[in-house]
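Take a look at the letters that make up each chain.
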Amino acid sequence: MTTQNTKQNLSTKYEIQKSEDFSLSKSTKDKLKTDFEITWCPGCTNFMILESVKQTLAKLIDSGKYKQTDFAMTTDIGCNSKIYDYLNISGIYGLHGRSVATGLGIKLGNPKLNVLSFIGDGGCYNEGISHFIHTLRYNQDMTIIVHDNQAFSLTTGQPTATSQIGYKSKANPEGEKFKPLNPIKLALASNATFIARANARDIKHTTEILEKAIKHKGCSFVEIVQDCLIFNKEMDNKDNLMYKVDNKDKKKAEELANEWDYNSKMGKIPVGIIWEE
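The sections below set out a description of the structure shown in this document. (Residues numbered from 1 in each chain as written. Predicted model: local features only at pLDDT ≥ 70, side-chain atom pairs only at ≥ 80, totals over all residues. Heavy atoms only, no water.)

1. Thoughts on the nonpolar core
Core analysis: the biggest nonpolar cluster contains 38 residues, and Phe 132, Leu 136, Ile 144, Ile 195 and Phe 221 have the highest contact counts within it. Beyond its immediate stretch of four places on either side in the chain, Phe 132 contacts Val 100, Cys 124, Tyr 125, Ile 144, Pro 183, Leu 186, Ala 187 and Phe 221. Core analysis: the second largest hydrophobic core is formed by 33 residues, Leu 57, Leu 60, Ile 209 and Ala 213 among them. (Core = buried A, V, L, I, M, F, W, Y, C linked by side-chain atoms within 4.5 Å. Buried < 20%, exposed > 50% of the residue type's maximum accessible area, 1.4 Å probe, protein only. Contact = heavy atoms within 4.5 Å.)

2. Structural notes on the packing of helix 2 (residues 46-62) against helix 8 (residues 203-215)
Between helix 2 and helix 8, the shortest axis-to-axis distance is 9 Å and the interhelical angle comes to 50°. One finds that helix 2 runs oblique with respect to helix 8. In this structure, helix 2 crosses over helix 8, and the sense of that crossing is right-handed. Of helix 8, the residues touching helix 2 (which contributes Met 48, Glu 51, Ser 52, Val 53, Gln 55, Thr 56, Leu 57, Lys 59 and Leu 60) are Ile 203, Thr 206, Thr 207, Leu 210, Glu 211, Ile 214 and Lys 215. Per-class residue counts for the contact of helix 2 with helix 8 are 7 nonpolar, 5 polar and 4 charged. (Axes fitted to C-alpha atoms, helices over the stretch in contact; angles between N-to-C directions. Helix = DSSP H or I, 4+ residues; strand = E, 2+ residues; numbered from the N terminus. Parallel < 35°, antiparallel > 145°, perpendicular 65-115°, else oblique. Left-handed = near helix turned anticlockwise from the far one by under 90°. Nonpolar A, V, L, I, M, F, W, Y, C, P; charged D, E, K, R; others polar.)

3. Focus: helix 9 (residues 250-257)
Those residues of helix 9 not exposed but buried are Ala 253, Leu 256 and Ala 257. Projection of helix 9 onto a plane perpendicular to its axis shows the buried side chains occupying an angular sector of 100°, all on one side. Packed against the buried residues of helix 9 are helix 7 (183-189), strand 8 (242-246) and strand 9 (269-276). Between the side-chain oxygen of the N-cap and the backbone nitrogen of Lys 251 there are 3.3 Å, and the N-cap of helix 9 in question is Asp 249. (Arc of directions from axis to C-beta. Polar contact = N/O pair within 3.5 Å; in protein donor to acceptor, adjacent residues only side chain to side chain.)

4. Brief notes about the packing of helix 4 (residues 99-109) against helix 6 (residues 129-138)
Where helix 4 meets helix 6, the closest approach of the two axes is 8 Å, and the angle between their N-to-C directions is 35°. Crossing of helix 4 over helix 6 shows left-handed handedness. Of the residues in helix 6, those in contact with Val 100, Ala 101 and Leu 104 of helix 4 are His 131, Phe 132, Thr 135 and Tyr 138. Taken together, the residues that form the contact of helix 4 with helix 6 break down as 5 nonpolar, 2 polar and no charged.

5. A look at the pairing of strand 2 (residues 71-75)
It is a general feature of regular strands that their side chains alternate between the two faces of the sheet. Here strand 2 lies mainly inside the structure; 5 of its 5 residues are buried. Judged by which residues are buried, strand 2 turns out to be covered on both faces: Phe 71, Met 73 and Thr 75 on one side and Ala 72 and Thr 74 on the other are all buried. Strand direction decides the pairing type here: strand 2 and strand 4 (residues 114-120), joined by 4 bridges, are parallel. For Met 73, the partnering residue across the bridge sits in strand 4 and is Leu 116. Here 4 bridges tie strand 2 to strand 3 (residues 90-93), and the two strands are oriented parallel to one another. Across the sheet, the residue bridging to Met 73 is Gly 91, located in strand 3. (Pairing = 2+ DSSP bridges.)

What follows is the structure, encoded as structure tokens:
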């Protein structure tokens, strides 16, 4: 049986419980840290995503328009979801594939919260795909952040819905036989009002994208393309294919969505705001 570990408030377990955390000598970003040991592989791009998130939240808090307690997060199970232990905001550590549904529940329960739902490509586009589609349709004011490395990395590299044809793993030694899903096209078809893609290695640009996503009034979807150092390494190092966009034209968004099919390291990969209504 899987247990859910719930941060019911910010008074227990986390660094924010210590009165000295609120001292003026400590930066806002430092207050977003926790004491938990980070267990990602050395060099994992999740470190960069965590840094981008902390920079984003610190900037919003320092603007005076947000407080640390205005944010809540949800995660499921996976390498990406370890961010729950390393980011000092309230939230729920939930079941695999259910981060988005849990985030929607939090938002319905307390509409004043800025909800960030962290989830991997397997959890979102495999087990949780129905939650993904319908949450985009409902357009509740929350942010979905997908860490996409095109593999179930925590469970030793099984293929996900975005893995390329031919990808071999211990669970699929003959290679993946199905074309990968294009989540950007799916989000457009689901009438999402904010769709973005980011490069995990580009912390500055990812921070800019996340800030816009959080400020967007409606459901925002940010897919962060990241490498895995251990599994599906043949799809790593796509940075030279990426170029920045900032688009609010629906027809252009459909064209941008078609530029990369997730199946190869060919063509161009637009990163930035692909569509905002």
